[in-house]
Amino acid sequence: MPLWGTASGPPAAEGEAARAPPGSSAAAGGGGVKVIRSLIPTRRRLRLDPASKLYFPYEPGKQVRSAVKIKNISKSHVAFKFQTTAPKSCFMRPPGGILAPGESIIATVFKFVEHPENNEKPLDQKCKVKFKIVSLKVKGPMEYVPELFDEQKDQVAVEQILRVVFLDAERPSPQMDKLKRQLAEAEAALEARKKPPEDNGPRIVGEGLVIDEWERRERYLARQQIEGVDSV
């Protein structure tokens, strides 16, 4: 049973046609409005790399990782969230977040690989697990909470449904090389976030003594004045 579904109900265009006066263009061709709307491409808020697939090394009985770069290509802050049809065997880091215009992040996806059934060849088995990334336009920077998507359901857009593709972990390929690079970038970014922020203030030396350059200068001038009086 898929994790996500679609809302039911008559399209807005049909409702408008039903309310239109007899003989009007809307009443005569309510379906035409739907056709026109269907021809307008959905405006993407995010760009994904890879665009439609999640590549995993095929290692049965192990938890493996994939990666996808998510970039905000809109002019507004955008919240994103992962969804999956297999929440018990898959999880994402981060599961969601908010990106400023032009900002990007590499998300890591973890998946447990089952052993093949019915003597299937390892890489020939079809994985039914899918992932979905949804987006929501938000007003400026704010703290990310998953409830944002529940509060504004009508504004949520499906960015992409990602299909799982297994790679031979022992066989070099452009996809495997790219996956390794992205995973390394994701780990480096995670470690950078864990480090405490650099303090560019006064340097601490000795037993917690703070040396301030202005204070040091004042003490030096005071000492020079005392030495000058003593010499007189």
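Calculation notes
- Residues numbered from 1 in each chain as written.
- Predicted model: local features only at pLDDT ≥ 70, side-chain atom pairs only at ≥ 80, totals over all residues.
- Heavy atoms only, no water.
- UniProt positions renumbered as here; feature names shortened; annotations may be inferred.
- Helix = DSSP H or I, 4+ residues; strand = E, 2+ residues; numbered from the N terminus.
- Buried < 20%, exposed > 50% of the residue type's maximum accessible area, 1.4 Å probe, protein only.
- Areas by Shrake-Rupley, 256 points an atom, 1.4 Å probe, with all protein chains shown as cover.
- Salt bridge = Lys/Arg side-chain N within 4 Å of Asp/Glu carboxyl O.
- Pairing = 2+ DSSP bridges.
- Expected span 1.5 Å × (residues − 1).
- Arc of directions from axis to C-beta.
- Axes fitted to C-alpha atoms, helices over the stretch in contact; angles between N-to-C directions.
- Contact = heavy atoms within 4.5 Å.
- Core = buried A, V, L, I, M, F, W, Y, C linked by side-chain atoms within 4.5 Å.

- As annotated in an unreviewed UniProt entry, the chain carries the name MSP domain-containing protein and is attributed to Urochloa decumbens.
- What UniProt states about the chain under its Function (unreviewed entry) heading is, verbatim, "May play a role in vesicle trafficking."

Brief notes about the overall build of the chain
Inference 1: Counting its regular elements, the chain contains 6 helices and 11 strands.
Inference 2: Here the chain holds 232 residues, and 29% of them are scored as buried.
Inference 3: Of the roughly 16400 Å² of accessible surface on the chain, a fraction of 53% belongs to carbon and sulfur atoms.

Some thoughts on the pattern of salt bridges
Inference 1: Within this structure, the stated rule accounts for 5 salt bridges.
Inference 2: Asp 49 is paired through a salt bridge with Lys 178; the nearest N and O atoms lie 2.5 Å apart. Of this pair, Asp 49 sits in strand S1 (residues 46-49) while Lys 178 sits in helix H5 (residues 174-194), placing them 129 residues apart in sequence.
Inference 3: For Asp 49, a relative accessible area of 29% translates into the label partly exposed.
Inference 4: A salt bridge links Lys 194 to Glu 191; the nearest nitrogen and oxygen atoms lie 3.8 Å apart. Note that Lys 194 and Glu 191 are positioned in helix H5 at a spacing of 3 residues, about one turn of the helix.
Inference 5: The class of Lys 194 is exposed, set by a relative accessible area of 58%.

As for unusual backbone geometry
Inference 1: Omega for the peptide link from Asp 49 to Pro 50 comes to 0°, which places this bond in the cis form.
Inference 2: Among the secondary structure elements, Pro 50 is positioned in the loop between S1 and strand S2 (53-57).
Inference 3: In the segment running from Arg 93 into Pro 94, the intervening peptide bond is cis, with an omega of -5°.
Inference 4: On the secondary structure map, Pro 94 appears in the loop between strand S5 (90-93) and strand S6 (96-99).

Describing the pairing of S2
Inference 1: Burial analysis of S2 places 4 of its 5 residues in the buried class, which makes it a mostly covered element.
Inference 2: Inspection of the sheet shows S2 paired to strand S9 (residues 157-167) by 5 bridges, in the parallel sense. Across the sheet, the residue bridging to Tyr 55 is Val 165, located in S9.

A short note on H5
Inference 1: Across its 21 residues, H5 extends 31 Å between first and last C-alpha, which sits within 8% of the 30 Å expected from 1.5 Å per residue.
Inference 2: Buried within H5 we find Met 176, Leu 179, Gln 182, Leu 183, Ala 186 and Leu 190. For H5, the angular spread of the buried residues around the axis is 125°, confining them to a single face. Seen from the open side of H5, the exposed residues pointing more than 90 degrees away from its buried face are Pro 174, Lys 180 and Arg 181.

Section: the sheet that holds strand S4 (residues 77-84)
Inference 1: Spatial strand order, S2-S9-S8-S4-S6: 5 strands in an open sheet with mixed pairing. Because the sheet does not close on itself, it has two edges, and the strands there are S2 and S6. Between one strand axis and the next, the sheet turns by 25° as a mean value, whatever way the strands run.
Inference 2: With 8 bridges connecting them, S4 and strand S8 (residues 130-138) associate as antiparallel partners. Bridge pairing in S8 links Ala 79 to Leu 136.
Inference 3: Where H5 meets the sheet, it contacts S2 and S9, and its direction lies at approximately 90° from that of S2.

Focus: the nonpolar core
Inference 1: Judged by nonpolar contacts, the single largest core of 24 residues is most densely connected at Leu 46, Phe 56, Ile 70, Phe 82, Phe 131 and Ile 133.
Inference 2: Aside from chain neighbours lying at most four places away, what touches Phe 56 is Val 64, Arg 65, Ser 66, Val 109, Phe 110, Lys 111, Phe 131, Val 164, Val 165, Phe 166 and Leu 167.
Inference 3: Counting residues in hydrophobic clusters, the runner-up holds 9 residues, among them Ala 67, Ile 106, Leu 167 and Leu 179.

What to know about the environment of Glu 143
Inference 1: Within the fold, Glu 143 resides in the loop between S8 and helix H4 (147-151).
Inference 2: Given the relative accessible area of 66%, Glu 143 is considered exposed.
Inference 3: Put simply, Glu 143 and Ala 79 are 64 residues apart on the chain and 9.9 Å apart in space, counted from C-alpha to C-alpha.
Inference 4: Apart from the residues lying within four places of it in its own chain, the contact partners of Glu 143 are Ile 98 and Leu 148.

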